[in-house]
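# Descriptive structure summary
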Amino acid sequence: MASSSSTARVRRQLPTSPWLFAAPGFLVVGVFILYPFVSTVVNSFTDRRTLIPGEFVGLANFRELLHDEMFWIGLRNSTLYVLGVVPALVLLPLLLALLVQKNIPGITFFRSAFYTPVVASIVVVGLIWVWLLDERGLVNAVLEAIGVGRVGFLSDQWLLLLSAMAVTVWRGLGYYMIIYLAALANVPRELHEAASVDGAGPVRRFFTVTVPAVRSTMVLVGALSSVSAFKVFSEVYLMAGPDGGPAGEDTTLVMLVQRTGTGLTGRVGYASAISVVVFVVTVVLMLLVLRADRKEET
Amino acid sequence: MSVLEKVRPAEPPATTRQRKGRRRITDEHGRRIRVWELALRYLLLLAVLALTVGPFLWQLSTSLKGPTEDIFSSPPKFLPGDPTLHNYRRVADTIPVWDYALNSLKVAVGNVVTNCVGAALAGYALARLRYRGRKVATLVFILAMLVPAESIIIAQFTTMRELGLNNTLIGVVLPGCVSAMNVLLMRNAFLNLPYEIEEAAFVDGANAWQRFLRIALPSVKGTLAVVAIFAFMGAWDDFLWPLIALSDPSKFTLTIGLNYLHGTFANDERLVAAGTIIAVAPLIALFACLQRYFFRGVGEGAVKG
């Protein structure tokens, strides 16, 4: 951050002009982010509906959550999503980054190609995989050809959730790969050389040199991917359908927010209470990951 | 040429000609790579390539298969027997796909313009102008960045209702039209500029607006490009917010239209496939043209955390 003493001299300006510069940004962020945030919290204590202003009901919404089976299903699925997706997204993109790190001919092409799923919109990705994992789709055709037989990826509650996780991981590979590539570029090669001289093989070097060197990036990837995994919506919505698959068993929390809070009969107050839970859990996830990082450093 | 050349500028060329005249492949440290290791590397690369790009090609292939062709054949046929663009015409007959694409384009371009202008202005104010409350102003944007969009989506919906903007494309653009993240990205870019270049203009009597427009802004074109690319992709790809904000099918963006197509006509995969290709092709083209800025941007973002 550049803050030298000479900065004080750049001061000739109207006292209002900084605020004019920042005004559009403040306006948008204030009206469409901060105000909605405050009203989410306020609404969570009311029985507001889309067309009815609603009244203060205290903790009634939160008490209702405790007995709402759908809420627990959503919380379970969102949590499982984090547990399933995050380890894969911390590890696999690192391996992929190591694979594309060396500057061999054509590597630029491979790097770009591996990034394609990130570029493609999530809806496109979701629909492609719905087609691939269909009962009559390509994956099942291959499985049948090799004698495994057809698998109901999209009809079984657990397989569907697993498939959605796989799609999230598939789409995240390229994104986190690039983050790891930048981190790997900063690993001093002397470390690898020293380890090689000491007779460490590639696997040994991976654990003794690479992993410690990119550890803070792993924490960053863990934080980013856990927060976004907990808020998962599109993949599951597209693969399981708006109602969350068989008997709604694949509903995630954000799907529940969308389903409860929208439409003319939307329970805005109740959906806001679920939103508050989503917010609190994401903040806790962030803090947990960051704390784990700090602990290991000391 | 490496996509990360800015990060690792000192690399020797990937291939060097040795004295014997034989081409040898070397790694980034100039050491020779053994042939079997190289072969293994390419084998793995090709495997990952099949896994990441294969699904798109399969979708493209499906979209080109004619109505008489069996798309469920076992073993699967990877190349369409008699390639046809018929399905693309049929998508357009089924849903107004070009209107949806136009809506998406309007939203995406709107998002690019507002983000570039708004984030550059606010970023400059945060980084370069001196005033009381500057730290608080920065904090406001940091806090806004930390609020997950998914957790305020219902309140955004009611806010938009209060403003009478639901079910309009403007309503789709507004919540993300100056993202806090982009403001902070621009702030960092401006902070990294040396003060000296602005001081000269200051001594010459240039006011804040002139310094911003003539000197600071041209120096942060790279970051501005990154903001533009992310704003475009973010808006083009967004699903949850347009799904909530739009109810009138004539206003749908492409992502919502595709979901609608999938829901209504799930029985003909050729149509859905053609629709997804229409949605993804412009992005892949854009990405192919701008991939250099793109990777640099993602890399920079990661380094700065």
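Computed from a prediction, not measured in an experiment: that's the story for all the values here. (Residues numbered from 1 in each chain as written. Chains lettered and ligands numbered in written order. Predicted model: local features only at pLDDT ≥ 70, side-chain atom pairs only at ≥ 80, totals over all residues. Heavy atoms only, no water.)

## Considering helix 12 (residues 254-264) of chain B
The periodicity of an α-helix, 3.6 residues per turn, causes residues three or four positions apart to be oriented the same way. Burial analysis of helix 12 of chain B places 8 of its 11 residues in the buried class, which makes it a mostly covered element. Along helix 12 of chain B, the residues classified as buried are Leu-254, Thr-255, Ile-256, Gly-257, Leu-258, Asn-259, Leu-261 and His-262 of chain B. (Buried < 20%, exposed > 50% of the residue type's maximum accessible area, 1.4 Å probe, protein only. Helix = DSSP H or I, 4+ residues; strand = E, 2+ residues; numbered from the N terminus.)

## Section: the environment of Pro-148 of chain B
Turning to its location among the elements, Pro-148 of chain B is positioned in the loop between helix 4 (134-146) and helix 5 (153-162). Judged by relative accessible area, which is 6%, Pro-148 of chain B ranks as buried.

## Description of the packing of aromatic side chains
Taken as a whole and judged by the stated rule, the model has 26 aromatic pairs over all chains. A connected cluster of aromatic rings, assembled from ring pairs, spans Phe-21 of chain A together with Tyr-124, Phe-190, Trp-209 and Phe-212 of chain B. In this arrangement the basic side chain of Arg-128 of chain B is found over the ring face of Tyr-195 of chain B, its NZ or CZ atom lying 3.9 Å from the centre. (Phe/Tyr/Trp six-rings, centres within 6.5 Å; stacked < 30°, edge-to-face > 60°. Lys NZ or Arg CZ within 6 Å of the ring centre and 35° of its normal.)

## Brief notes about the interface of chain B and chain A
Facing 109 residues of chain B, the contacting portion of chain A comprises 97 residues. Summed over both partners, the interface of chain B with chain A comes to about 9800 Å²; 73% of that surface belongs to carbon and sulfur atoms. Counting every contact that joins chain B to chain A gives 2 salt bridges. Between Arg-48 of chain A and Glu-162 of chain B there is a salt bridge; the shortest N-O distance is 3.1 Å. Here chain B is connected to chain A by 8 residue pairs in polar contact (both at pLDDT 80 or more). Counting residues per element, the side of chain B that touches chain A draws most heavily on helix 1 (residues 35-64) of chain B, which supplies 17 residues. (Contact = heavy atoms within 4.5 Å. Buried area = accessible area lost by both parts, 1.4 Å probe. Salt bridge = Lys/Arg side-chain N within 4 Å of Asp/Glu carboxyl O. Polar contact = N/O pair within 3.5 Å; in protein donor to acceptor, adjacent residues only side chain to side chain.)

## Here we look at empty space enclosed by the protein
Going through the model one piece at a time under the given rule, you end up with 1 cavity of 30 Å³ or more. Approximately 30 Å³ is the volume found for the largest cavity. Taken together, Arg-136, Gly-137, Leu-138 and Ala-141 of chain A together with Trp-58, Ile-71, Phe-72, Ser-73 and Pro-76 of chain B form the lining of the largest cavity. Of the residues contributing to the lining of the largest cavity, the split by class is 6 nonpolar, 2 polar and 1 charged. (1 Å grid on protein atoms, 1.4 Å probe; cavity = no way out; pocket = protein on both sides within 12 Å on 5 of 7 lines; lining within 4 Å. Points joined across faces, edges and corners; volume = space filled by probe spheres on them. Nonpolar A, V, L, I, M, F, W, Y, C, P; charged D, E, K, R; others polar.)

## A closer look at the UniProt feature "transmembrane region" (unreviewed entry) in chain B
Residue and element names in this part refer to chain B. When the UniProt feature table is mapped onto this chain numbering, "transmembrane region" (unreviewed entry) sits at residues 39-58, 107-127, 139-158, 164-185, 215-236 and 271-290. Secondary structure over residues 139-158 splits into 70% helix and 0% strand, and the C-alpha atoms at its two ends are 26 Å apart. Annotation note: span residues 215-236, helix share 95%, strand share 0%, distance between end C-alpha atoms 32 Å. (UniProt positions renumbered as here; feature names shortened; annotations may be inferred.)

## Section: helix 12 (residues 253-261) of chain A
Residues and elements named next belong to chain A. Counting buried positions over the 9 residues of helix 12 gives 8, a clear majority of the element. Listed as buried for helix 12 are Leu-253, Val-254, Met-255, Leu-256, Val-257, Gln-258, Thr-260 and Gly-261. Looking one or two places after helix 12, you find Gly-263, whose phi comes out positive at around 85°.

## A word on the side chain of Thr-159 of chain B
On the secondary structure map, Thr-159 of chain B appears in helix 5. With near-sequence residues (within four places) excluded, Thr-159 of chain B lies in contact with Val-31, Tyr-35 and Pro-36 of chain A.

## So, the nonpolar core
Core analysis: the biggest nonpolar cluster contains 179 residues, and Tyr-81 and Phe-114 of chain A together with Phe-190 and Phe-239 of chain B have the highest contact counts within it. Broken down by element, this core gets its largest block of residues, 17 residues, from helix 3 (residues 69-101) of chain A. Phe-190 of chain B has contacts with Ala-120, Gly-123, Tyr-124, Ala-127, Arg-128, Phe-212, Ala-216, Leu-217 and Val-220 of chain B, leaving out every residue within four places of it along the chain. (Core = buried A, V, L, I, M, F, W, Y, C linked by side-chain atoms within 4.5 Å.)

## A look at the UniProt feature "domain: ABC transmembrane type-1" (unreviewed entry) in chain A
According to UniProt, the feature "domain: ABC transmembrane type-1" (unreviewed entry) maps to residues 75-289 of chain A in the numbering used here. A helix fraction of 76% and a strand fraction of 0% characterise residues 75-289 of chain A, whose end C-alpha atoms lie 19 Å from each other.

## Some thoughts on the pattern of salt bridges
Tallied over the entire structure, the rule returns 12 salt bridges over all chains. Among the ionic pairs, Glu-249 of chain A bridges to Arg-76 of chain A, the shortest N-O distance being 2.9 Å. With Glu-249 of chain A in the loop between helix 11 (234-240) and helix 12 and Arg-76 of chain A in helix 3, this pair connects stretches of sequence that are 173 residues apart. Among the charged side chains, a salt-bridge network with shared partners connects Arg-90, Asp-268 and Arg-270 of chain B.

## Quick look at the environment of Ser-78 of chain A
All names here are of chain A. Considering the arrangement of structural elements, one finds Ser-78 in helix 3. Classification of Ser-78 as buried rests on a relative accessible area of 0%. Taking the C-alpha atoms as reference points, Ser-78 and Glu-249, separated by 171 residues in sequence, lie 12 Å from one another. Apart from the residues within four sequence positions on either side, Ser-78 is in contact with Ala-229, Phe-230, Thr-252 and Leu-253.

## Describing the packing of helix 2 (residues 60-67) of chain A against helix 3 of chain A
Residues and elements named next belong to chain A. The geometry of helix 2 relative to helix 3 is characterised by a closest axis approach of 5 Å and an angle of 75° between their N-to-C directions. Here helix 3 runs roughly perpendicular to helix 2, going by the angle between their axes. Listed contacts from helix 3 to Leu-65, Leu-66 and His-67 of helix 2 are Glu-69, Phe-71 and Trp-72. (Axes fitted to C-alpha atoms, helices over the stretch in contact; angles between N-to-C directions. Parallel < 35°, antiparallel > 145°, perpendicular 65-115°, else oblique.)

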